[in-house]
Structure formats: structure tokens, C-alpha cells
Amino acid sequence: MKRDLIVLTAHGRGQWLCAQLEKTEYNFQVIDVSAKLGDRTVEDRLGPFGYFKDPMFDMSDEKWLHSRSEKQEQGFAIWTDQGLFESHGMLAKHQWDQMSMPVLQEMLTSLMSVIDDPCLPPLITETRLQSAYYVPTIDEDPSEKTILIDVDEVIEFSVNGHIKTFTFSDRIEEAGVLANFLTSAEITHLFPFTSSDLLFAEPLEAKAAWLRSTVKVDSLLNLSEIPLQTLFIRNTSHPWIEDNAWVLKRHGGEGVFSVWVKTWYSVSRDLRDLQWLGNSVCAALEEYFPHSKVTMTEPLFNDTTAHKPPMYPIFDRDEWELQKKFVETGVIFGGPEKWRSYSLHDRFEHEKNVLDLVKGELGESNGGELAHRL
């Protein structure tokens with residue numbers, strides 16, 4: 001049966017798009033290959049990528065974003081060798097008074113790029129700095145039209161009459177449009193016998209990646225006073241990566257946290273290096289929390305993800321700027337290589353753009369009344 005649209009996705013990408021498609025008359029199918037990319041938890045999918053409330057949000061955008069996140073009363077929180085900075089809360093007024101806006105903007109633009117910058121630095125303005133900061137806490141269920149692909153299945157796509165065989169039983173999917181939310185690395189990993197230029201005019205290679213572990217902090221300190229999410233930088237004059245910079249995010253019960261570490265791509269492939277990195281971060285956390293014991297309960301890797309492409313790759317900016325547009329009609333790209341940042345808001349904005357492209361390819365009348373508002 002020919003479909004209007006196939007959405008090829010993993011790790012919860014394209015959730016908003018699928019929710020909107022459910023409200024249309026488009027004949028679409030979601031194919032989720034997450035299972036072939038390793039076991040991932042809800043915390044893995046959420047990431048440490050928050051956002052500032054934007055005065056340009058319309059009511060429907062704000063409702064969708066806020067329903068999946070929690071407001072952090074302290075605002076954007078950073079703990080460096082210069083001390084703790086909170087854009088809101090008890091310390092904020094004193095810190096704002098001590099620093100000029102240009103200096104503060106430069107610092108926060110640099111520091112925020114440590115978190116949610118796969119390609120471009122975030123746009124930081126005085127208005128945004130003084131706005132509320134939200135941290136993702138809820139992951140949405142897949143579309144009711146999702147097919148989860150088993151390990152031994154083969155998928156064949158026909159997009160606008162062009163057959164694309166992805167060696168992955170006999171299901172043949174035909175569609176007018178393919179919306180692809182996978183990275184080029186995921187495509188080549190999953191389908192090694194398929195030419196990547198079927199989907200990518202210029203595949204990008206990750207230079208670094210975000211990885212997550214879980215730690216348990218046993219301490220006499222009142223850990224409830226720690227913000228929901230905090231960026232730690234031990235020495236601001238050293239590179240902000242690996243055991244010099246990480247994000248601590250509350251996870252589950254008391255004293256349980258996710259630790260997100262940005263590491264060079266070569267390190268993310270080496271289990272011994274990751275073991276060392278995890279132990280080093282635990283030791284560093286004990287320096288921040290005196291008389292505490294920090295134990296890693298979930299490592300930066302597991303057997304199913306160790307040699308899989310990372311969920312959150314980071315690309316070279318120059319290569320990202322120079323990447324060519326797709327040349328194939330009927331293929332729309334919605335994955336990280338096209339995102340401006342990993343911020344939940346920027347990802348949401350990108351999915352809205354993908355929906356507009358789908359409408360342009362298929363014609364809005366073919367899909368009935370598209371509901372942008374939830």
C-alpha cells in the first residue's frame with residue numbers, strides 16, 4: 001500500500017511531528033529503529049538540554065514545551081572555579097550587580113554552548129538571560145502508528161518511484177515522502193550496504209559526543225538544595241570537555257543523579273578511556289561535595305551502545321556550515337545534523353519546519369486540516 005509519508009526515526013526524535021500528523025488525513029507510517037542502536041533509557045533520550053522561556057513563544061508552543069519540562073527556580077546554574085552562578089534565585093541579584101551585561105553575556109554564551117551546541121552557539125540576549133529556565137523531564141510515548149523494527153528485518157523503501165533497500169520479512173513501504181530523523185552515522189551503521197548519498201549529500205563525522213552515566217551521592221549535605229540541573233566546570237582556563245566539564249542532573253531518588261559528559265569521539269569508542277573518565281568525574285564530584293562518597297551505578301557505556309553511533313554527536317562548525325543541501329526530491333531530513341542546537345526549544349522549532357516541508361511536498365489539502373495547536 002502506497003503511503004503519503006514514512007517517518008524513519010530513533011530515540012524519540014520527531015515526537016511533535018508525529019503527534020501533529022496523527023491529527024491529519026495523511027496516510028503515514030513511523031518506523032523506529034531504536035532497538036538496533038542499543039538500549040536507551042528515558043534519561044538518555046531527555047538529555048541535559050534545557051531552554052530559556054522565549055517571549056516569542058505562542059501559547060500552543062509554550063504549552064507543549066512546558067508540559068515536557070520543569071522550571072528551574074535557580075535559573076541557568078553554573079558551578080565553576082569562580083564559584084556558583086545562578087541566573088535566578090537568592091544569589092542572582094548580587095551576581096548581576098557584580099558583572100556588566102557584556103561580560104555576563106559573553107560568559108554565558110560560552111558556557112551554554114558547552115551544553116546544547118552541536119553546531120552553532122546559542123543566541124544569548126539580556127532578555128533571555130533574565131527569563132525562566134526549563135529542564136526536560138518528560139519523554140513522550142511513540143506514535144500509535146509506529147513500527148518497532150526487529151533485528152532480522154529488511155526494509156525496502158520506494159520514494160517517488162526510487163527503490164532504496166536498507167539491509168536490515170519482506171515488508172515493502174512505498175511513500176511519496178521520506179522524513180529521515182537519523183544521522184548519517186546511524187544510517188551507515190544500520191545499513192552498511194546502502195550508499196549513504198541516497199539520504200546524505202555530505203555526511204558529517206562527529207568530532208565529540210555527549211554520554212551519560214548515573215551516580216549515587218551519599219552525603220550529610222542537603223542535596224535537595226542542588227538545582228535540578230547544573231553545569232560544572234572545574235577550571236575555566238582549560239578546555240571545557242571530559243573531566244573538566246560535565247552536567248549534573250537529578251535522576252530518580254535522593255542522591256541519584258545523571259552525569260552528562262562531553263568527550264572526544266575517539267574516547268567515546270574506547271571502553272578503557274570511558275572507565276577512566278567516569279572514575280575521574282566521580283572523584284571530582286567528591287571535591288565539590290566534602291565528606292561525601294560518589295559511586296557510579298551506571299557507566300558511561302553499556303554492552304549494547306558501546307560501538308553504536310552516539311545519540312548526541314557534536315560536529316565541526318565549519319563542516320556543518322559547508323554541508324550541502326539534499327538533492328533528492330521526496331527526502332526531508334530532521335535529524336541532529338540539521339539542528340541548530342540540542343535545546344528542546346530549537347529541536348521543537350526544527351520539527352515545525354519539517355512539518356512545513358511535508359506540507360509543501362504533499363500539499364496541505366491532501367492532509368486535511370493540519371492542527372498546529374495542541
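Scroll up for the structure.
Scoring rules and cut-offs
- Residues numbered from 1 in each chain as written.
- Predicted model: local features only at pLDDT ≥ 70, side-chain atom pairs only at ≥ 80, totals over all residues.
- Heavy atoms only, no water.
- Helix = DSSP H or I, 4+ residues; strand = E, 2+ residues; numbered from the N terminus.
- Areas by Shrake-Rupley, 256 points an atom, 1.4 Å probe, with all protein chains shown as cover.
- 1 Å grid on protein atoms, 1.4 Å probe; cavity = no way out; pocket = protein on both sides within 12 Å on 5 of 7 lines; lining within 4 Å.
- Points joined across faces, edges and corners; volume = space filled by probe spheres on them.
- Nonpolar A, V, L, I, M, F, W, Y, C, P; charged D, E, K, R; others polar.
- Core = buried A, V, L, I, M, F, W, Y, C linked by side-chain atoms within 4.5 Å.
- Buried < 20%, exposed > 50% of the residue type's maximum accessible area, 1.4 Å probe, protein only.
- Contact = heavy atoms within 4.5 Å.
- Pairing = 2+ DSSP bridges.
- Phe/Tyr/Trp six-rings, centres within 6.5 Å; stacked < 30°, edge-to-face > 60°.

(A) Expanded view of the overall build of the chain. On a plain count of helices and strands, the chain comes out with eleven helices and 18 strands. Carbon and sulfur atoms make up 52% of the accessible area of the chain, which amounts to about 16800 Å² in all.

(B) Up close: empty space enclosed by the protein. Computed from the structure, the largest cavity encloses a volume of approximately 250 Å³. Lining the largest cavity are 19 residues, with Gly12, Gln15, Trp64, Leu344 and Arg347 positioned closest to its centre. For the lining of the largest cavity, the secondary-structure elements that each account for two or more residues are helix H1 (15-21), helix H2 (42-46) and helix H11 (344-362). Broken down by element, the lining of the largest cavity gets its largest block of residues, four residues, from H11. Grouping the constituent residues of the lining of the largest cavity by class yields eight nonpolar, four polar and seven charged.

(C) Region of interest: the nonpolar core. The biggest cluster of nonpolar side chains holds 25 residues, and the ones touching the most others in it are Leu5, Val7, Leu21, Leu65 and Val358. Sort the elements by how many residues they give to this core and H11 lands first, with six residues. Not counting residues up to four positions away in its chain, the partners in contact with Leu21 are Leu5, Val7, Tyr26, Phe28 and Leu355. Residues Val217, Leu274, Ala284 and Tyr288 belong to the second largest nonpolar core, which totals 23 residues.

(D) Fine view of the sheet that holds strand S3 (residues 51-52). An order of S3-S7-S4 is seen for the three strands of this open sheet, with the pairing classed as antiparallel. Here the strands that pair on one side only, and so sit at the sheet edges, are S3 and strand S4 (69-72). Pairing geometry for S3 and strand S7 (residues 133-136), over two bridges, is antiparallel. Across the sheet, the residue bridging to Tyr51 is Tyr134, located in S7.

(E) Just unusual backbone geometry, in detail. Despite not being glycine, His11 shows a phi value in the positive range, around 60 degrees. Phi at Glu242 takes a positive value of approximately 55 degrees, unusual for a residue other than glycine. Along the polypeptide, Glu242 turns up in the loop between strand S13 (229-233) and strand S14 (245-250).

(F) Spotlight on the environment of Ser268. Topologically, Ser268 is positioned in helix H8 (residues 265-268). With a relative accessible area of 2%, Ser268 lands in the buried category. Sequence separation of Ser268 and Lys308 is 40 residues, and the distance between their C-alpha atoms is 9.9 Å.

(G) Structural context of the packing of aromatic side chains. Following the criterion strictly, the structure yields 20 aromatic pairs and no others. Consider the rings of Phe49 and Trp260, whose centres lie 6.4 Å apart with planes at 50 degrees: the pair is tilted. Relative to Tyr133, the ring of Phe76 has its centre 5.1 Å away and its plane inclined at 75 degrees; by these criteria the two rings are edge-to-face. In this pair, Phe76 is assigned in the loop between S4 and strand S5 (77-80) and Tyr133 in strand S7, connecting sequence segments 57 residues apart. Each of the two residues, Phe76 as well as Tyr133, counts as buried. Aromatic rings pair up to connect Phe49, Trp210, Trp260, Tyr312, Trp339 and Tyr342 into one cluster.

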